[in-house]
Amino acid sequence: MLEYSMLYPKTTESRRAISLNGMWKFCLDEKAVGEQEKWTEGIPGNDRIPVPASFQDFYTDKDTREFTGDVWYETDMFVPGEWENTQVQVRFAAATHRAVVYVNGIKVTEHEGGFLPFTADVTEIVRYNASNKVVVKVNNELNETNIPCGSTVTLANGKKMTKPYFDFFNYSGLQRSVHLVSVPKESVFDFDLTYELDGVTNGTAQTAKISYQVQTNGEHPVFLELFDESGASVASAQGAQGVLTVSDAHLWQVRNAYLYRLVIRIMDESLVIDEYEQEIGIRTVEVKGTEILLNGQPVYLRGFGKHEDSDIVGRGFNIGVMKRDFELMKWIGANSFRTSHYPYSEEIYEMADREGFLVIDEVAAVGLFASMLNFMDASSGKTTAFFESETIPVLLKAHLKALEEMITRDKNHPCVIAWSLLNEPETTNEAAVPYFKEVFDKAHELDPQKRPRTYAMIMNSTPDQCKCFQFSDMIALNRYYGWYVCGGYEISNAEAMFRKEMDAWKAKNLNKPFLFTEYGADTLGSEHKLPSVMWSQEYQKEYLEMVHGVFDSYDFVKGEQIWNFADFQTWEGIMRVNGNKKGVFTRQRQPKDAAYLLKERWTNLPLNFKAGGVVQERRNLNGKFS
Ligand code: GCB
């Protein structure tokens, strides 16, 4: 069990949450002297930087952008006097990739892993009704013992540099919100919900049973109450575990969400000891044969692999970009996305709950293939014996901990319909098998709703080579036929190879749904060419017509999430033109030509496309239809 609660900080009758976002003092620790020079009590210089944000893209010199090592943050926080006798915490929604936190010069916590929250209990350390100093040392080095994987090298000039085994810029720092929190001594720590529906018709269930379990750190009784969108109370229950029964329940549906408000209270007679509330959606999710069922109805996923990435703030949570992204996803007819390649900011799941998007939630286990060009290398047959390395046990431990943090954090979001436990690991070697078994078993054990588990499979994880696909409840393929393999005028060969692989999967008769979690072609928003060449907008469309035709030929393919929603920053190199350009939208969130082609297809595809294993009559949905 985790030592801190993963509940999102909220102000309620019993709780207080004060945002510490804003301008923080900031400095780089170029000589790694911070502790020695007592920066733990206050950092040098007078530079200030926004939190939340990645630190990299504010500055005009390359050494700062590429800085690898420790960076230090500092702010002052006033702790109200009336908070004495409560638990006082500082809560970081993320610190990438690891952090040590000091309050008034005293170390209060440390955390490894850059995309999930952690909390420091500072009850005994803070001065009440007074100002207190928070200092955070954040380190952004990459290694093979933490996720995401990569390495850190030292250049001839003595400066360090990261070499990610993944295709996104190593943005880092305090990229998400920080809160100062007061929670009663006796409080709600965690809760689980599972759903059972009876008599489902047209988005309602005659009866919905919500089995719950609430974890507190005390003995006082627990009460639950559920309110509908009009504010009416529709169910209540007493006890740390039990069932809430809702009659004529409105179901949470794809792009048609209905959210109930769940209020959990710990009471002492009529006195509220603690109160926590969260919006929840009533829905079930399961995989049956080749179908993905939401509330028992087959769904076909259409959408994106995304990144948290935008100009200036990098991977920092940006509320405006979030809003724009959801509007674009709605405009284009998407209904889902994968949080490639790390769990996203909590606000994004709240928005997906509200907008009815289906989310495949991915832990940051990317780069488990020791190559900076794994997307290329895997297509050319390179192997790296990754799972034979002696550091694997340490990596596995970090991976399992991140998994526990992610599932605990996200399990009550209706939008989360599946867990992605790795992206593009090397699965051509038997050594991967025991590692996979642990990770997949752990996800099952941690998730009260037993949602489907998957992992995104790299090009050489083919039916005859891959040793691990049996672990997935849904097979998720990342495929680049027509880009990394046989691009341009060779696209007809790409199609033949693609179909050959799909025929081999079909022959295996796995009786599981298949998803394409990646496919795409780099495209420069500036380039047009008739007839097409690779990188032109015309080629991106031709490529999509080819892959859509393949998708539509196989009735077990139950979803398509194109790579990528928008252009995004990567490390620099000959394969990338100031970043990865496979976006359907530019980094500034304007459409490329392919966006209109996708809109035409996705707004016409029925939600239950291919339901019952029948390849339905295909209209002009822009694939090469047979
Ligand atoms: C992949 C990776 C993704 C890359 C993408 C690409 O297979 O999962 O992180 O960005 O390919 O564009 O090469």
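Analysis parameters
Residues numbered from 1 in each chain as written. Predicted model: local features only at pLDDT ≥ 70, side-chain atom pairs only at ≥ 80, totals over all residues. Heavy atoms only, no water. Salt bridge = Lys/Arg side-chain N within 4 Å of Asp/Glu carboxyl O. Helix = DSSP H or I, 4+ residues; strand = E, 2+ residues; numbered from the N terminus. Buried < 20%, exposed > 50% of the residue type's maximum accessible area, 1.4 Å probe, protein only. Expected span 1.5 Å × (residues − 1). Axes fitted to C-alpha atoms, helices over the stretch in contact; angles between N-to-C directions. Parallel < 35°, antiparallel > 145°, perpendicular 65-115°, else oblique. Left-handed = near helix turned anticlockwise from the far one by under 90°. Contact = heavy atoms within 4.5 Å. Nonpolar A, V, L, I, M, F, W, Y, C, P; charged D, E, K, R; others polar. Near = heavy atom within 4 Å. Polar contact = N/O pair within 3.5 Å; in protein donor to acceptor, adjacent residues only side chain to side chain. Areas by Shrake-Rupley, 256 points an atom, 1.4 Å probe, with all protein chains shown as cover. Pairing = 2+ DSSP bridges.

A. Representation of the pattern of salt bridges in the model. Here the structure, examined in full by the defined rule, presents 45 salt bridges. Taking the shortest distance from any N to any O, the salt bridge between Arg587 and Asp311 comes out at 3.1 Å. With Arg587 in the loop between strand 30 (557–563) and helix 9 (593–602) and Asp311 in the loop between strand 23 (301–305) and helix 2 (319–332), this pair connects stretches of sequence that are 276 residues apart. Accessibility expressed as a relative area gives 12% for Arg587, which makes it buried.

B. Representation of helix 5 (residues 392–410) in the model. In this model helix 5 runs 26 Å from its N-terminal to its C-terminal C-alpha over 19 residues, within 8% of the 27 Å that 1.5 Å per residue would give. Counted residue by residue, helix 5 has 15 buried out of 19 residues, so it is predominantly covered.

C. Up close: the packing of helix 7 (residues 491–508) against helix 8 (residues 537–551). Packing of helix 7 against helix 8 brings their axes to within 10 Å, and their N-to-C directions diverge by 25°. Considered as vectors, helix 7 and helix 8 are oriented roughly parallel to each other. Considering the relative orientation of helix 7 and helix 8, their crossing is right-handed. Facing Ile491, Ala494, Glu495, Phe498, Arg499 and Met502 of helix 7, the residues of helix 8 in contact are Tyr539, Glu542, Tyr543, Met546, Val547, Gly549, Val550 and Phe551. A class-by-class count of the residues in the contact of helix 7 with helix 8 yields ten nonpolar, one polar and three charged.

D. Representation of the site of the ligand in the model. What surrounds the ligand is a group of 14 residues, the closest being Asp167, His341, Glu424, Tyr484 and Lys582. Note that an oxygen atom of the ligand is positioned 2.5 Å from one of the side-chain N or O atoms of Asp167. Contacts to the ligand include Tyr480, whose side-chain N or O atom sits 3.4 Å from an oxygen atom. Across the complex, the protein chains shield 98% of the 320 Å² of accessible surface that the ligand would expose by itself. Per-class residue counts for the shell around the ligand are five nonpolar, four polar and five charged.

E. Quick peek at the sheet that holds strand 6 (residues 98–103). Reading across the sheet, the six strands line up as 3-2-4-9-6-7 and stay open at both edges, with antiparallel pairing between neighbours. Two strands lie at the open edges of the sheet, namely strand 3 (48–51) and strand 7 (106–112), each paired on one side alone. Going across the sheet, the axis of each strand differs from the next one's by a mean of 30°, ignoring polarity. Relative to strand 9 (residues 130–139), strand 6 runs antiparallel, the two being bridged by six bridges. Along strand 9, the bridge assignment pairs Val101 with Val136.

F. Local environment of unusual backbone geometry. In this structure, His97 follows Thr96 across a cis peptide bond, with omega equal to 0°. Here His97 is to be found in the loop between strand 5 (86–92) and strand 6. Cis peptide bonds are those with omega within 30 degrees of zero, and the linkage from Trp563 to Asn564 qualifies with 10°. Along the chain, Asn564 turns up in the loop between strand 30 and helix 9.

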